[in-house]
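Chains, contacts and geometry: an overview
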Amino acid sequence: MSPQVPPGPIQIRNLVPTVKKVFAVGSGKGGVGKSSVAVNLAIALQKLGKTVGLLDADIYGPSCPQLLSTANAEVRLVGENRLVPIECFGLKTISIGNLVPPDRATIWRGPMVHQALTQLLGGVEWGKLDYLILDLPPGTGDVHLTMMQSVKVDGAIVVSTPQEVALADVRKFIDMCRQLTIPMAGVIENMAYFECAHGERYHLFGQGGAKRMSEALTIPFLGEIPLLEAITQSGEKGTPYAIEDRGGIFETIAKRIG
Ligand SMILES: Nc1ncnc2c1ncn2[C@@H]1O[C@H](COP(=O)(O)OP(=O)(O)OP(=O)(O)O)[C@@H](O)[C@H]1O
Ligand SMILES: [Mg+2]
């Protein structure tokens, strides 16, 4: 049997029937800002009056507990061992990082990962949500397949930095979505430029690479996010940048997908 998943629509179960729309934030490439975008877009959508959940699907390297200050929050159980998502900043959220001790590595094989992810989706009392945002790990592997087989993803939000070394992996992620017939919500260019105190822009990782790729692949371009110290700092503090969203960066993108 070939280990390669055959192209075409996959068999989908809907483990989150109370959710209207699911967006998956992914990239293929590591460290380009997927989790930061997922968290801040979730906040921006919530500020537009939507009810929003955020599921951290990164089993090996969960970031949402740090980005949302939920690392020490306790996850309650209701009914027959159903998990109650953590409420923070107006979002409902859960991560494997809320269930295993911090600094404990999850050294799990595929079936364990699959089980944990389906539990985080279908074993959670999400309640009625307008949007559930999935923060995907890097790559195009088991986690992605499980997520996309367990919920109908209404749109993939692709995050890339401008340089070719990132775009090469991002194209693979887009190809995976296309093979699995996941619709593309659009591409976001993160760390697009750095603006100095005098207003001069420096394109540290090249200029417009993700936008050109989105045009070449006929995928909507959702916008660019500059490299901002305030975004890094908000991640360090665990208070999302989009709560204040100076410049309306995330609000603009949220309005395009919402
Ligand atoms: N636009 C930005 N400006 C400044 N810092 C940013 C920006 N986007 C992301 N960062 C920072 O870059 C680092 C990596 O971001 P993040 O964890 O969101 O990436 P990721 O793609 O989810 O990584 P991984 O592949 O490990 O899941 C974090 O420290 C984050 O605060
Ligand atoms: Mg991440």
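Here, every reference points to the structure presented above.
Throughout what follows, the structure given in this document is the object of discussion. (Residues numbered from 1 in each chain as written. Chains lettered and ligands numbered in written order. Predicted model: local features only at pLDDT ≥ 70, side-chain atom pairs only at ≥ 80, totals over all residues.)

**Considerations on the packing of helix α1 (residues 34-47) against helix α8 (residues 249-257)**
Two elements in contact, α1 and α8, have axes whose closest approach is 8 Å; the angle formed by their N-to-C orientations is 75°. Comparing the axis directions of α1 and α8 gives the class roughly perpendicular. Listed contacts from α8 to Asn40, Leu41, Ala44, Leu45 and Lys47 of α1 are Phe250, Glu251, Ile253 and Ala254. Looking at the contact of α1 with α8 residue by residue, the classes come out as six nonpolar, one polar and two charged. (Axes fitted to C-alpha atoms, helices over the stretch in contact; angles between N-to-C directions. Helix = DSSP H or I, 4+ residues; strand = E, 2+ residues; numbered from the N terminus. Parallel < 35°, antiparallel > 145°, perpendicular 65-115°, else oblique. Contact = placed C-beta atoms within 7 Å. Nonpolar A, V, L, I, M, F, W, Y, C, P; charged D, E, K, R; others polar.)

**A closer look at unusual backbone geometry**
The phi dihedral of phenylalanine 89 is positive, around 50°, even though this residue is not glycine. Relative to the helices and strands, phenylalanine 89 is located in the loop between β5 (86-88) and β6 (91-95).

**Quick notes on the site of ligand 1**
As a matter of local geometry, ligand 1 sits amid 21 residues, with Gly30, Gly33, Ser35, Ser36 and Gly235 nearest to it. Put simply, the parts of the chain that give the shell around ligand 1 at least two residues each are α1 and α7 (229-237). Looking at the shell around ligand 1 residue by residue, the classes come out as eight nonpolar, 11 polar and two charged. (Near = placed C-beta within 6 Å.)

**Section: the pairing of strand β8 (residues 155-160)**
Burial within β8 is extensive, with five of its six residues counted as buried. Where strand β1 (residues 19-26) lies against β8, four bridges are found, and the strand directions are parallel. Following the sheet pairing, valine 25 is matched in β8 by isoleucine 157. The sheet contact formed by β8 and strand β9 (residues 184-190) spans five bridges and is parallel. Residue pairing across strands places valine 159 opposite isoleucine 188, the latter belonging to β9. In this fold, β8 hands off to helix α5 (residues 164-179), which returns the chain to β9; that crossover is right-handed. (Buried ≥ 20, exposed ≤ 12 C-beta atoms within 10 Å, placed from the backbone. Pairing = 2+ DSSP bridges. Right-handed = clockwise from strand over helix to strand, strands pointing away.)

**Section: the pairing of strand β2 (residues 52-56)**
Of all five residues in β2, five are buried; the element is thus mostly enclosed. Alternating residues of β2 divide into Val52, Leu54 and Asp56 and Gly53 and Leu55, and every residue in both groups is buried. In the sheet, β2 pairs with strand β7 (residues 129-135) via five bridges, with the strands oriented parallel. The residue of β7 that forms the bridge with leucine 54 is isoleucine 133. Relative to β6, β2 runs parallel, the two being bridged by four bridges. Counterpart to leucine 55 in the pairing with β6 is isoleucine 94.

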